Amino acid sequence: MKAAVWHGVKDVRVEEVELKPTKSNEVVVRVAYAGICGSDLHEYLEGPVFIPVDQPDELTGGQAPLTMGHEFSGVIEKIGADVTKYKVGDHVSINPTITKGHVPDDVDVYDGYSFIGLSTDGGFTSHVNVPEDSLYRLPEDFSMKLAATIEPTAVAVQAVKEGGLRFGEKVVIFGAGPIGVLVAAAAKAAGATKIVAVDLSEVRLNKALEMGATDIINPSQVDDTVAAIKNIIPGGADVSFEVAGVQPTFEQAIDATRPRGTMVIVSIFARPITFNPMQLMNAGVKLTTTIAYSKETFQQTVDLVSSGQIDVAPVITDTIELDNIVTDGFESLTHDKSQAKIIVDLSK
């Protein structure tokens, strides 16, 4: 079978691979669609970030070269001897996080995690082994293509939960890339009445409006970004989301949040930043972070997306073939900022 295999920086090859033996607690999923994530792009441009190179991953035993892809949906074709909750033919979404499972769900991911598609073989191929605990059943009439967006949407849902967002509150989102616009959609579903998106790209800002933002700000078109936000949300946002991953937006997110409000760091920062803690203290802003999602959040996201309460369709900007994943996928995302979520069609 063909797969997109990571070998090194800017070295992802579509090549023939063999499916490894299926373990007793695993199923074989026939992949339908798979999304390209920002972390996949980081691995392509500057990896290894998460991909294990020098020694096998502690939790999965995986090691480069490996098949990428951790945002995917599919149909179960085979079940292992110890699998009891699923059957052949079930439509499934995959939670790619592999954790130790020794602590409660809400802190489990912070006890150490690995990823299907980054730490072991993933979904940029026709068939993949998936542990039973990573499977989430989908309604059979729900679009498999839309289901491939459930994983990044779970990141956004977790971020909104971490911010403690309540009905009627107001938010600002710095960064209108794929996760940023999904945060807008999740905030809308959670009852936010003002959702301000901030980005330098007009195309991305328009996508944010399509996904649920009520207002947009392009910093290149205003004298003072924070002042522009407070013109829309007097006193500052109840919750701000930093989804750009750069120092200026980190500082602006603090300043744009009301006293005793909450700032949530959603970005994976490519490099360290510095800031004066007194900026945070003098503002009276609470700072929190989020990474991935809990199992509870993933199930909630499956329910929200499959019921249509979060409309993920607008985030998909292109559908491509596996053979073209480098040129039409990774390179397109690198150079074309109009792209949000590119989906690889593996259903044929």
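On a predicted model such as this, the values are computed, not experimentally measured, just so you know.

(A) Structural context of the overall build of the protein chain. A count of helices and strands for the protein chain gives 11 helices and 18 strands. Its C-alpha radius of gyration of 20 Å places the protein chain within 12% of the 20 Å reference for a compact globule of 348 residues. On the principal axes, the C-alpha backbone points of the protein chain span a range of 60 × 40 × 40 Å. A sequence separation of at least 24 residues applies to 70% of the contacts in the protein chain between residues at least 6 apart. With an accessible surface of roughly 14,700 Å², the protein chain has 51% of that area assigned to carbon and sulfur atoms.

(B) Layout of empty space enclosed by the protein. Taken as a whole and assessed by the stated rule, the structure comprises 3 cavities of 30 Å³ or more. Taken as a whole, the largest cavity holds about 50 Å³ of empty space. Asn95, Thr97, Thr99, Asp105, Asp108, Val109, Tyr293, Ser294 and Lys295 together form the lining of the largest cavity. Elements that contribute at least two residues to the lining of the largest cavity include exactly β7 (97-99) and α2 (105-108). Considering only residue class, the lining of the largest cavity consists of 2 nonpolar, 4 polar and 3 charged.

(C) Representation of unusual backbone geometry. Here the bond from Gly47 into Pro48 is cis, since omega is 10 degrees, no more than 30 degrees from zero. For Pro48, the position within the fold is in the loop between α1 (38-46) and β4 (66-67). Going from Ala64 to Pro65, the amide bond is cis rather than trans, its omega being 0 degrees. In this structure, Pro65 sits in the loop between α1 and β4.

(D) Broad picture of the sheet that holds strand β11 (residues 170-174). Reading across the sheet, the 6 strands line up as β13-β12-β11-β14-β15-β16 and stay open at both edges, with parallel pairing between neighbours. Each having just a single partner strand, β13 (215-217) and β16 (286-289) make up the two edges of the open sheet. Taken pair by pair, the neighbouring strands of this sheet meet at an average axis angle of 20 degrees, ignoring direction. As paired elements, strand β15 (residues 257-265) and β16 share 4 bridges and run parallel to each other. By the bridge assignment for β16, Met263 is matched with Leu287. In the packing of helix α7 (residues 225-232) onto the sheet, the strands contacted are β11, β12 (194-198) and β13, and the crossing angle to β13 comes to about 165 degrees. Sheet strands in contact with helix α8 (residues 247-255) are β11, β14 (237-242) and β15, and its direction is about 145 degrees off that of β15.

(E) Main features of the packing of aromatic side chains. Summed over the entire model, instances satisfying the criterion amount to 6 aromatic pairs. Ring geometry for Tyr113 against Phe115: centres 5.8 Å apart, planes inclined by 85 degrees, an arrangement best described as edge-to-face. Given the relative accessible area of 26%, Tyr113 is considered partly exposed. We classify Phe115 as buried; its relative accessible area is 10%. An aromatic cluster is defined as three or more aromatic residues linked by ring pairs; in this entry it consists of Tyr136, Tyr293 and Phe298.

(F) Focus on the pairing of strand β18 (residues 341-345). Within β18, 5 of the 5 residues are buried, leaving the element largely enclosed by the surrounding structure. Residues Lys341, Ile343 and Asp345 line one face of β18 and the alternating positions Ile342 and Val344 line the opposite face, and both faces are buried. In this sheet, β18 lies alongside strand β3 (residues 26-35) in antiparallel orientation, the contact comprising 3 bridges. Across the sheet, Tyr33 pairs through a bridge with Asp345, a residue of β18. Where strand β17 (residues 316-321) lies against β18, 5 bridges are found, and the strand directions are parallel. Paired with Ile316 across the bridge in β18 is Lys341.

Rules behind the numbers
Residues numbered from 1 in each chain as written. Predicted model: local features only at pLDDT ≥ 70, side-chain atom pairs only at ≥ 80, totals over all residues. Heavy atoms only, no water. Helix = DSSP H or I, 4+ residues; strand = E, 2+ residues; numbered from the N terminus. Rg over C-alpha atoms; globule rule 2.2 N^0.38 Å. Contact = heavy atoms within 4.5 Å. Areas by Shrake-Rupley, 256 points an atom, 1.4 Å probe, with all protein chains shown as cover. 1 Å grid on protein atoms, 1.4 Å probe; cavity = no way out; pocket = protein on both sides within 12 Å on 5 of 7 lines; lining within 4 Å. Points joined across faces, edges and corners; volume = space filled by probe spheres on them. Nonpolar A, V, L, I, M, F, W, Y, C, P; charged D, E, K, R; others polar. Pairing = 2+ DSSP bridges. Axes fitted to C-alpha atoms, helices over the stretch in contact; angles between N-to-C directions. Phe/Tyr/Trp six-rings, centres within 6.5 Å; stacked < 30°, edge-to-face > 60°. Buried < 20%, exposed > 50% of the residue type's maximum accessible area, 1.4 Å probe, protein only.

All we've got here are geometric facts, nothing functional implied.
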